[in-house]
Amino acid sequence: MNKIGYPQGSAPAGITPGGNPASRGQGLEADINDSNLWYRENGKCLVYKKPTPVQVVHVDYPSRQRARITEAYYKTPSTTDYNGVYRGRYLDFEAKETRNIRGFPLNLVHPHQIRHLEQVERHDGIGFFIIRFTARQKTFLVDAPLLIREMKACSHSSIPYVWFEEQGVELQEGLYPRLPWLAAVDRLYF
């Protein structure tokens, strides 16, 4: 990654010059959200972040104009992070980040997410993972059925990083879109 020279030697708020992408004030989900917005505004695809169902238990009203949720619980485990439509096909995917340099910890993917993505495949949808290795400043798009098979066959607690280099499609960060995951979808599925 190249260093950026800022006037007066200081970066705009929220940006760390020459730092790791996660330290720019934007994590993987923020990058995907920005990209999805760009894709929608430019008519490329229709993909949204799924809300997590929450049961509100207690709300305080410190003033007439503001309410503050003070207690809430997740109703049910969420399935995956994103879904939508592209080129007439249903898309469903999960975004994960890890600081692990050597591999992707299996415990980051939950059994209900695996079951959900298997159902997406069964119904001829497109399911995948976007996985960022923050310490390496690398992000990959990986076919869900391929990664799930590897997870089930893995005898260790993580899948080696080199597997992602060999089996995934590396996503090169850009400006518009920030994370061009749609090009990888074209490459893998169309």
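Source: prediction; values computed, not measured. Positions within a chain are numbered from 1, following the residues in the order the chain's sequence is written. Only residues with pLDDT of 70 or above have their local features reported here, since the model is predicted, and side-chain atom pairs are shown and tallied only from 80 upward, although totals for entire chains, interfaces and linings are computed over all residues. Excluded from the side-chain calculations are hydrogens and water; all other atoms, namely the structure's heavy atoms, are used.

Asker: Please clarify how the sheet that holds strand 7 (residues 126-133) should be interpreted in this entry.
Answerer: To summarise the sheet geometry, strands pair through backbone hydrogen bonds and adopt either a parallel or an antiparallel arrangement. Spatially, the 6 strands line up as an open sheet ordered 1-4-5-7-8-10, and their pairing is mixed. Among the strands making up the open sheet, the edge pair consists of strand 1 (46-49) and strand 10 (169-170). One requirement defines pairing of two strands: DSSP has to find at least two bridges between them. Runs of E in the DSSP output that reach at least two residues are strands. Runs of H or I that reach at least four are helices, and both are numbered from the N terminus. Here strand 7 runs beside strand 8 (residues 138-143); their pairing, made up of 6 bridges, is antiparallel. Bridge pairing links phenylalanine 129 to valine 142 in strand 8. In this analysis, two residues are considered to be in contact whenever any of their non-hydrogen atoms come within 4.5 Å of each other. A fitted line through C-alpha atoms represents every axis, and for helices the fit uses only the stretch in contact; the resulting angles, taken between N-to-C directions, go from 0 to 180 degrees. Helix-sheet contacts for helix 2 (residues 111-122) involve strand 5 (89-98) and strand 7, and the interaxial angle to strand 5 is about 155°.

Asker: Explain the packing of aromatic side chains here, please?
Answerer: To describe a pair of aromatic rings, you give the distance between the ring centres and the angle between the ring planes. Between 30 and 60 degrees the pair is tilted, below 30 it is stacked and above 60 it is edge-to-face, where a pair is any two Phe, Tyr or Trp rings, Trp via its six-membered ring, whose centres lie within 6.5 Å. Applying the stated criterion across every chain, the model contains 15 aromatic pairs. Ring geometry for tyrosine 39 and tryptophan 181: centres 5.4 Å apart, planes at 85°, overall edge-to-face. Here tryptophan 181 lies in helix 5 (residues 181-189) and tyrosine 39 lies in helix 1 (residues 28-41), a separation of 142 residues in the sequence. Look at phenylalanine 140 and tyrosine 161: their rings are 5.8 Å apart centre to centre, the planes differ by 70°, and that puts the pair in the edge-to-face class. On the criterion of sequence distance, the pair formed by phenylalanine 140 in strand 8 and tyrosine 161 in helix 4 (residues 161-167) is long-range, its members being 21 residues apart. Neither phenylalanine 140 nor tyrosine 161 differs from the other in exposure class; each is buried. These aromatic residues form a ring-pair network of at least three members: Trp38, Tyr39, Tyr82, Phe93, Phe128, Trp181 and Tyr189. Sitting above the plane of the tyrosine 82 ring, lysine 49 keeps its charged end 5.5 Å from the centroid. Only when the NZ atom of a Lys or the CZ atom of an Arg is both within 6 Å of the ring centre and within 35 degrees of the ring normal do we say a charge sits over the ring. One residue, arginine 136, lies across the ring of tyrosine 161, its end atom 3.8 Å from the ring centre. Whether a residue is buried, partly exposed or exposed follows from its accessible area with a 1.4 Å probe, protein chains only, as a fraction of its type maximum: under 20%, in between, or over 50%, in that order.

Asker: Would you take a moment to explain the UniProt feature "site: Transition state stabilizer" (unreviewed entry) in the protein chain for this structure?
Answerer: UniProt positions are given in the numbering used here, feature names are shortened, and annotations may be inferred rather than shown by experiment. With numbering aligned to this structure, UniProt lists the feature "site: Transition state stabilizer" (unreviewed entry) at Lys96. As for its position among the elements, lysine 96 is in strand 5. Residue lysine 96 is classed as buried on the basis of its relative accessible area of 11%. When neighbours within four sequence positions are excluded, lysine 96 is seen to be in contact with Leu28, Phe104, Leu108, Val109, His110, Gln113, Ile130, Ile131 and Arg132. Engagement of the side chain of lysine 96 in a polar contact is seen with the side chain of glutamate 94, the distance being 3.1 Å. Here a polar contact is recorded for every N or O atom pair within 3.5 Å, except that within protein the pair must consist of a potential hydrogen donor and a potential acceptor, and residues adjacent in sequence are included only if both atoms are side-chain atoms.

Asker: How do you make sense of the environment of arginine 187 when you look at a structure like this?
Answerer: Positionally, arginine 187 belongs in helix 5. Overall, arginine 187 belongs to the exposed group, its relative accessible area being 62%. Measuring from C-alpha to C-alpha, the distance between arginine 187 and valine 169 comes to 8.6 Å, with 18 residues separating the pair along the chain.

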